[in-house]
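Analysis of the macromolecular model
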Amino acid sequence: MKIALAQILSTTSPAENLELLRTHIADAARQGADLIVFPEASMCAFGTSLSPIAEPLDGPWASAVRAAAEHHGITVVAGMFTPGADKHTVRNTLLVTGPTVDTSYDKIHLYDAFGFHESKTVTPGEHPVTFELNGITIGLATCYDVRFPDLFLQMAETGAVVNIVCASWASGPGKARQWKLATRARAMDSTTFVIAVDQADPATVRDDVPAGTPLGVGHSAVISPTGEVIKDLGTAPTMQLVGIDPSIIDQVRQALPVLNNARLR
């Protein structure tokens, strides 16, 4: 399976971001990717009011992404915002769309940490989501979800051999190190490939980065089920294709049967 990791830097304009996604989708398809993964908040960067820009999954923004995926024959995962439980909240949603799949995941674990209070403006999701692509089961997670091993274990136990984590990771002392550590740990916990795609670090392209807004630290990565970092994209905006072989999962789980050996769940 060929996967394109699109480490973009979103703006607060959904229209601008849509054009950026369209460009990367076309480029990834030309390079033969089966799947392209964009970060959390691909629709609109954090740091602005999200409820006015939230749209349903059949709204114009998602429909345009869906049309691009269909036109180019590629599956797309992209972070967007859909209406929440009331007019003051949104759902932090991953749209998954392509020729053979159309589904979505709403972020379960809300980022009430390091001085942020995501639960004030975001309605949480209620259940894990997986999807099938080319006979492979893939799980979905968003940003803060990566700190909760049970989510990844549950998806692995229901068949996932690849888990995607889309993020707009907050910067700060030690935060990039925590992102790298958590993504590797979740791969080993669940003996799955982890495809971790973060927003690029805005400091690589601008000097006036607002403090206190989770805009990304980069270091999108592909991680093997044994915790090996197969590819790290660094900090600047970029897109790179990585090939993985999910058929090795059975071999890894025979040698390291942590899912079968677990006793406290």
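First, a word on scope: everything that follows refers to the structure included in this document.

**So, the pairing of strand β1 (residues 2–7)**
- Within β1, five of the six residues are buried, which leaves the element mostly enclosed by the surrounding structure.
- For β1 and strand β12 (residues 238–243), the ladder comprises six bridges, and the chain directions are antiparallel. Looking at β12, one finds that Ala-4 is bridged to Leu-241.
- By the bridge criterion, three bridges tie β1 to strand β2 (residues 35–37) in an arrangement that is parallel. Looking at the pairing, Ala-4 lines up with Ile-36 of β2.

**Structural notes on the layout of surface pockets**
- Taken as a whole, the largest pocket encloses approximately 440 Å³ of empty space.
- Taken together, 26 residues line the largest pocket, and the ones lying closest to its centre are Phe-46, Phe-116, Glu-118, Thr-121 and Pro-214.
- Taken together, the residues of the lining of the largest pocket sort by class into 11 nonpolar, 10 polar and five charged.
- Space inside the second largest pocket adds up to approximately 200 Å³.
- In this structure, the second largest pocket is lined by 15 residues; those nearest its centre are Ser-10, Ala-45, Phe-46, Arg-206 and Leu-215.

**Quick notes on the pattern of salt bridges**
- Per the stated rule, a full pass over the model turns up seven salt bridges.
- Arg-30 is the partner of Asp-27 in a salt bridge, and the nearest nitrogen-oxygen pair spans 3.8 Å. Note that Asp-27 and Arg-30 are positioned in helix α1 (residues 14–30) at a spacing of three residues, about one turn of the helix.
- Under the relative-accessibility criterion, Arg-30 is labelled exposed at 63%.
- Across the pair Asp-189 and Arg-186 runs a salt bridge, and its minimum N-O distance is 2.7 Å. Note that Asp-189 and Arg-186 are positioned in helix α4 (residues 175–190) at a spacing of three residues, about one turn of the helix.
- The exposure class assigned to Asp-189 is partly exposed, which follows from its relative accessible area of 27%.
- Members of the salt-bridge network, linked through shared partners, are Glu-40, Lys-107 and Glu-118.

Calculation rules
- Residues numbered from 1 in each chain as written.
- Predicted model: local features only at pLDDT ≥ 70, side-chain atom pairs only at ≥ 80, totals over all residues.
- Heavy atoms only, no water.
- Buried < 20%, exposed > 50% of the residue type's maximum accessible area, 1.4 Å probe, protein only.
- Helix = DSSP H or I, 4+ residues; strand = E, 2+ residues; numbered from the N terminus.
- Pairing = 2+ DSSP bridges.
- 1 Å grid on protein atoms, 1.4 Å probe; cavity = no way out; pocket = protein on both sides within 12 Å on 5 of 7 lines; lining within 4 Å.
- Points joined across faces, edges and corners; volume = space filled by probe spheres on them.
- Nonpolar A, V, L, I, M, F, W, Y, C, P; charged D, E, K, R; others polar.
- Salt bridge = Lys/Arg side-chain N within 4 Å of Asp/Glu carboxyl O.

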